[in-house]
Amino acid sequence: MNTSTAAAIPPLPPDWPADVAAARAVQDSLRARVVLDEAGPAPGGGRVTGVDVAYDDARDVVAAAVVVLDAASLDVVEEATAVGRVAFPYVPGLLAFREVPAVLAALAALDTDPGLVVCDGYGVAHPRRFGLASHLGVLTGLPTIGVAKNPFTFSHEAPGDARGSATPLLDGAEEVGSALRTRAGVKPVFVSVGHRVTLAAARAHTLHLTPRYRLPETTRRADALCRAALREATTA
DNA sequence: GCGACAG
DNA sequence: ATCTTGTCGC
C-alpha cells in the first residue's frame, strides 16, 4: 500500500480561461517571459524532475505526479502527487491548460528543489512558441524541457540509426526542436526547450536520462506514478 | 471547406 | 490521454 497522500488541486484562479480564445490570449501574453539565453543546469548533475498527468474524463478526475531524481544515479529522491477535477478539455496547442493546475499542485507538495523539470510534451515547439514545458517554466521559474513522443504538426528528417543522432524539428523553415534517437533503431523522441535551457543541453539531458529506454527515466517514473494515483483516486 | 493535431 | 489480447523477442 502507498501511505503517501495525494495533494488536492486548489481552486482555479478567477482569471482562468473559459474558452479556447481566452486560453490563446493567455499564451500570447505569457510567451514574452520565456527565457532562452541561459545555458541551464549541467547535464548529469543536480536533480532532474519528471512530471506527467493521467485522466479519467468520464469521472472528471485528473492525477499528476512529479518524481525527483538524482541526475547522476537516477535514483528517486522524492515523489509527490495531486488529484482533482479536470480544468480544461484537450485541444491541440492548449495542452498546458489541461495539465498545469495538477502539476503545480504536485510540485508544491515537494520538499526538494526540482532542479531541471522534464515534461511529457513540447516547449517552444508549439504553434505560438509556448507549449506545456515553457508554460510550466514561466509559472514556476524553473528550467524546463519538453520530450514528446510524437512530432505533432512539425516535420523532420529521420535521424541516423545510432543512439544520439539528431535532426532538426521544423516548423516550416524554423528549427523549433530536435528529433533525437535515444535508442538505436528505435523511433526518436522530440526534444524542445521549455525555459532557461539550451536546445543542445536539452538533448544532452535527454540522453543522460535514457541509458536503457526510449523515454527519459523521469517521464517513465512520473507516468507510472500518476497512473497509480489516478487508480487510487478512482477506486471506491 | 477538409484534414491534421503534444497528451 | 484512453479503450484493449495476444504475441513476438530478449
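Per an unreviewed UniProt entry, chain A carries the name Endonuclease V and comes from Streptomyces silvensis. UniProt annotates chain A under Function (unreviewed entry) with the comment "DNA repair enzyme involved in the repair of deaminated bases. Selectively cleaves double-stranded DNA at the second phosphodiester bond 3' to a deoxyinosine leaving behind the intact lesion on the nicked DNA." If you open the UniProt record of chain A and go to Sequence similarities (unreviewed entry), you find "Belongs to the endonuclease V family."

Caption draft 1: Summary view of the pairing of strand β9 (residues 189–195). Burial analysis of β9 places seven of its seven residues in the buried class, the great majority of the element. In the sheet, strand β6 (residues 144–148) pairs with β9 via five bridges, with the strands oriented antiparallel. Bridge assignment links Thr144 to a residue of β9, and that residue is His195. Sheet analysis places strand β8 (residues 174–180) next to β9, joined by three bridges and oriented antiparallel. What sits directly across from Ala179, in β9, is Phe190.

Caption draft 2: Geometry of the packing of aromatic side chains. Tallying each qualifying case throughout the model produces five aromatic pairs. Each ring, one from Trp16 and one from Phe97, has its centre 5.7 Å from the other, and the planes form 70°; the classification is edge-to-face. Linking Trp16 in the loop between β1 (7–8) and α1 (20–30) with Phe97 in helix α2 (residues 95–108), this pair joins segments that are 81 residues apart in sequence. Neither residue differs from the other here; Trp16 and Phe97 are each classed as buried. Chaining the aromatic ring pairs together yields one cluster made of Trp16, Phe88 and Phe97. Between Arg98 and the ring centre of Tyr55, over which it is positioned, the NZ or CZ distance is 3.9 Å. Geometry around Tyr213 places Arg220 over its ring, the cationic atom sitting 3.7 Å from the centre.

Definitions and limits used
Residues numbered from 1 in each chain as written. Chains lettered and ligands numbered in written order. Predicted model: local features only at pLDDT ≥ 70, side-chain atom pairs only at ≥ 80, totals over all residues. Heavy atoms only, no water. UniProt positions renumbered as here; feature names shortened; annotations may be inferred. Buried < 20%, exposed > 50% of the residue type's maximum accessible area, 1.4 Å probe, protein only. Helix = DSSP H or I, 4+ residues; strand = E, 2+ residues; numbered from the N terminus. Pairing = 2+ DSSP bridges. Phe/Tyr/Trp six-rings, centres within 6.5 Å; stacked < 30°, edge-to-face > 60°. Lys NZ or Arg CZ within 6 Å of the ring centre and 35° of its normal.

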